[in-house]
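Structural characterization, general
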Number of protein chains: 2
Amino acid sequence: MRVSYLFGKTTKSISADEESVNAKLLIRAGFIAKQLAGVYNYLPLGLRVLGKIQNIIREEMNAIGANEILMPAMTQEESYDKTGRSAMDVLFKFEGQGGAKLVLNPTHEEVVTPLAQKFVFSYQDLPVAVYQIQNKFRNEPRAKSGLLRGREFNMKDLYSFHADETDLDKYYELAKAAYFKIYARLGLGDGRTVLTYASGGVFSKYSHEFQTLAEAGEDTVFLCDKCRVAVNKEIIDEQKTCPVCGGGKLEEKNGIEVGNIFKLKTKFSDAFNFQYKDAAGKEQPVIMGCYGMGPSRVMGTIVEVFHDDKGIIWPEAVAPYRVHLLVLGKEEAVGAEAEKIYKTLIKEGIEVLFDDRERASAGEKLSDADLIGLPYRVIVSAKTLAEKSVEIKKRDAVEAKLVATKSLLKELA
Amino acid sequence: MRVSYLFGKTTKSISADEESVNAKLLIRAGFIAKQLAGVYNYLPLGLRVLGKIQNIIREEMNAIGANEILMPAMTQEESYDKTGRSAMDVLFKFEGQGGAKLVLNPTHEEVVTPLAQKFVFSYQDLPVAVYQIQNKFRNEPRAKSGLLRGREFNMKDLYSFHADETDLDKYYELAKAAYFKIYARLGLGDGRTVLTYASGGVFSKYSHEFQTLAEAGEDTVFLCDKCRVAVNKEIIDEQKTCPVCGGGKLEEKNGIEVGNIFKLKTKFSDAFNFQYKDAAGKEQPVIMGCYGMGPSRVMGTIVEVFHDDKGIIWPEAVAPYRVHLLVLGKEEAVGAEAEKIYKTLIKEGIEVLFDDRERASAGEKLSDADLIGLPYRVIVSAKTLAEKSVEIKKRDAVEAKLVATKSLLKELA
């Protein structure tokens, strides 16, 4: 993609009420634009990142046998009356034709449970798991954390349905493993994201959060120095020791919740009277689990974790492009060389953003490259051309190096 | 995909208020499930079709240099006050924190205009075009046409911004050509979808609709027997002759509107005071065009056009899978042969739905295959195995034929 054709620009002007590092950097770098508090537009660069995060999540959901579906944002309020959740304060409510009482779903248990009920009748229809990647709505009292806490936000939500708790437990562990695989692929692995024990509500002892340790995190967790699992604030008073080893020192840390998994058991199937016939022909309640992960929140988290004072430092797997190609100087031969390299990279399937702007200074191009934060910066200038070379710098490296142009592909491999 | 793992089932039970052919067939075949009038869940088969339609549209939008972005569903009502459209009766309105007045966007001119205004300052920033594929909301008084008229529906909306009308005219023709390319790829070409002259509002003489001729169409159009362009009902009283040839007989037809394009000119840029500096440094209003096409409505239209009394007949480009592989009979050797063919097709990159259900009868499998409507039905049975063959039938063919198993790939090529 040529920067001269790209919609969205880097900008220095940013509204004063934008407090979070992720929103500030993503707006300044031209990835998102604010609509209202907690509601953002995704510009081309931002949409590419979001799409890459979604695809990594999608692949791992498919790998654990989940079926992708798409449920609506808009639903009858009546479904929330059935589960006793219509008084939830984050629920946006409105009226449709004939005074119909409608809501925007902040989560989809009230939709997916009656939906699965249409297709699951017998033990032979179980287990089954469905997920979607879709926008949700929450009337958050406070929405000043950029992509970390949205009023409209993107969510992957997986729901699993089982004949018994043993089968739920098995799938729960499978989903947990898939979550860790996803964080590793997203660049949030290597101990950065820790399993955190949280309240399980009435039905289970624990639920689990996945907390990415980060100074900017709004959550407080207590991390076991032996097991690297944590306990959240909500249950630390009852759970004074590590729930895995029982020993270990629990150290206070800030975290960003990037996922949570929950054994719902019969909470929602009871509300909708969702039962199946077991092998003996007897009606039994369906056992459920739910598993959430927000691609837009993950995007904000990655920025909170990976940045410096010059801008964002994208992990390779989610960077909107792999290479930022800069042409510095107005000499015709330099421009022609950069064009040639641009076309070669495209031909080789390497995603490249080409800063071909004629009116931007070298200084602007260099500071934009740091701000946007692609993994590799490649410079073509009169100086590099004279050496039949290009200058390559990894975004997180201190030094740039000259590499013979003919070795560029090998260098990027 | 194995039918035994697929979420969603074919069903005979369908709610009595479902009047449209598209909703009836898509629900019976397990592609969608109704949430409320005009709001549907997409099951795995339906989501695959929707995704294929979206991707064809996306490719052709990218080919005319448009940037993909993603705008929110939720917006401040204030933006609609500025354009005088807050009284639109299809607008869903609700309240947020602190009494904030919010709406769900039925279209995005009120969002995209101030968004583009953040990045377009000079004639050098023009032209630029952005599009999104996103869910929209309309509080329709009547929503009984399945996917043809939704209260929550999927939309591709493209907006272009220009320095002058000549440049808009040029892009408008480019978009028009892209639309015809899309309909051809979707299977709605070959004269099935016709350019239809409609009212241009205050600012232009005409806008244009794309109408797919279909008996079930809710719209009435008047088709010129010479030019194959049409005039819509709205303007037929003023426009009594073909707007292209002036002669030709105008014949009344039913159509489904599958797209519309509109020269907005300065209607929205005036409302937001969106101006650019021309080469002489003088402020000029930005000239706009908008171009809509609904992937979910297109999906409903395809079903209205391509079906028979047994079920849907998907065009190859949008079919959820290319091949429906059926194993008939419970013999072990037959099952093993079907498994082998299933794996070969997957390995060769041929999308295949494998009806591996043990509890379904041959009759159920055959009628499900007709109902679901994939392009190729391939049967493995004791009879075909004895002949070292499989039975192949195209969904729209009358006769099936035996083909040597070793020639199957060639047959499907």
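Residues numbered from 1 in each chain as written. Chains lettered and ligands numbered in written order. Predicted model: local features only at pLDDT ≥ 70, side-chain atom pairs only at ≥ 80, totals over all residues.

Some points on the interface of chain B and chain A
With 43 residues of chain B at the interface, the matching set in chain A holds 43 residues. Listing elements by their share of the side of chain B that touches chain A, those giving two or more residues are β1 (32-36), β2 (39-42), α2 (44-63), β3 (67-68), β4 (74-76), β5 (92-95), α4 (109-117) and β7 (128-137) of chain B. Among the residues forming the side of chain B that touches chain A, the class breakdown is 26 nonpolar, 11 polar and six charged. (Contact = placed C-beta atoms within 7 Å. Helix = DSSP H or I, 4+ residues; strand = E, 2+ residues; numbered from the N terminus. Nonpolar A, V, L, I, M, F, W, Y, C, P; charged D, E, K, R; others polar.)

Overview of the domain arrangement of chain A
All names here are of chain A. Taken domain by domain, chain A consists of domain 1 (3-308) and domain 2 (323-412). Between domain 1 and domain 2, the C-alpha centre-to-centre distance is 39 Å. Across the contact, six residues belong to domain 1 and eight residues belong to domain 2. Of the residues assigned to the side of domain 1 that touches domain 2, the class counts are three nonpolar, two polar and one charged. (Domains from an automatic or database assignment.)

Side note on helix α5 (residues 165-186) of chain B
All names here are of chain B. In this model α5 runs 31 Å from its N-terminal to its C-terminal C-alpha over 22 residues, within 8% of the 32 Å that 1.5 Å per residue would give. Those residues of α5 that fall on the buried side of the exposure criterion are Leu 168, Tyr 171, Tyr 172, Ala 175, Ala 178, Tyr 179, Ile 182, Tyr 183 and Leu 186. Projected onto a plane normal to the axis of α5, the buried residues spread over an arc of 135 degrees and lie on a single side. More than 90 degrees from the buried face of α5, the exposed residues found are Thr 166, Glu 173 and Ala 177. Following α5 by one or two positions, Gly 187 adopts a phi angle in the positive range, close to 90 degrees. (Expected span 1.5 Å × (residues − 1). Buried ≥ 20, exposed ≤ 12 C-beta atoms within 10 Å, placed from the backbone. Arc of directions from axis to C-beta.)

Quick word on the relation of the copies chain B and chain A
The transform that puts chain B on chain A rotates by 180 degrees and translates by 0.0 Å along the axis, for an RMSD of 0.0 Å. The two molecules are tied by a two-fold rotation axis, judged by turn and shift. Scanning chain B for the C-alpha nearest the rotation axis identifies B:Phe94, at a separation of 2.7 Å. In this assembly the copies share their binding face: 100% of the residues contributing to the interface of chain B also contribute to that of chain A. (Least-squares fit on C-alpha atoms with pLDDT ≥ 70 in both.)

A short note on the pairing of strand β23 (residues 401-404) of chain B
Residues and elements named next belong to chain B. The pairing of strand β22 (residues 389-394) with β23 spans four bridges and is antiparallel. Considered in β23, the bridge of Ser 389 is made with Ala 404. In this antiparallel pair of consecutive strands, β22 and β23, the connection spans six residues. (Pairing = 2+ DSSP bridges.)

Quick word on the packing of helix α1 (residues 21-28) of chain B against helix α7 (residues 295-305) of chain B
Residue and element names in this part refer to chain B. The interhelical angle for the contact between α1 and α7, taken along N-to-C directions, is 95 degrees, at an axis separation of 8 Å. Between α1 and α7, the angle falls in the class roughly perpendicular. When α1 is examined against α7, the residues Val 21, Asn 22, Leu 25 and Leu 26 are found in contact with a partner set consisting of Gly 300, Val 303 and Glu 304. Of the residues that constitute the contact of α1 with α7, the class distribution is four nonpolar, two polar and one charged. (Axes fitted to C-alpha atoms, helices over the stretch in contact; angles between N-to-C directions. Parallel < 35°, antiparallel > 145°, perpendicular 65-115°, else oblique.)

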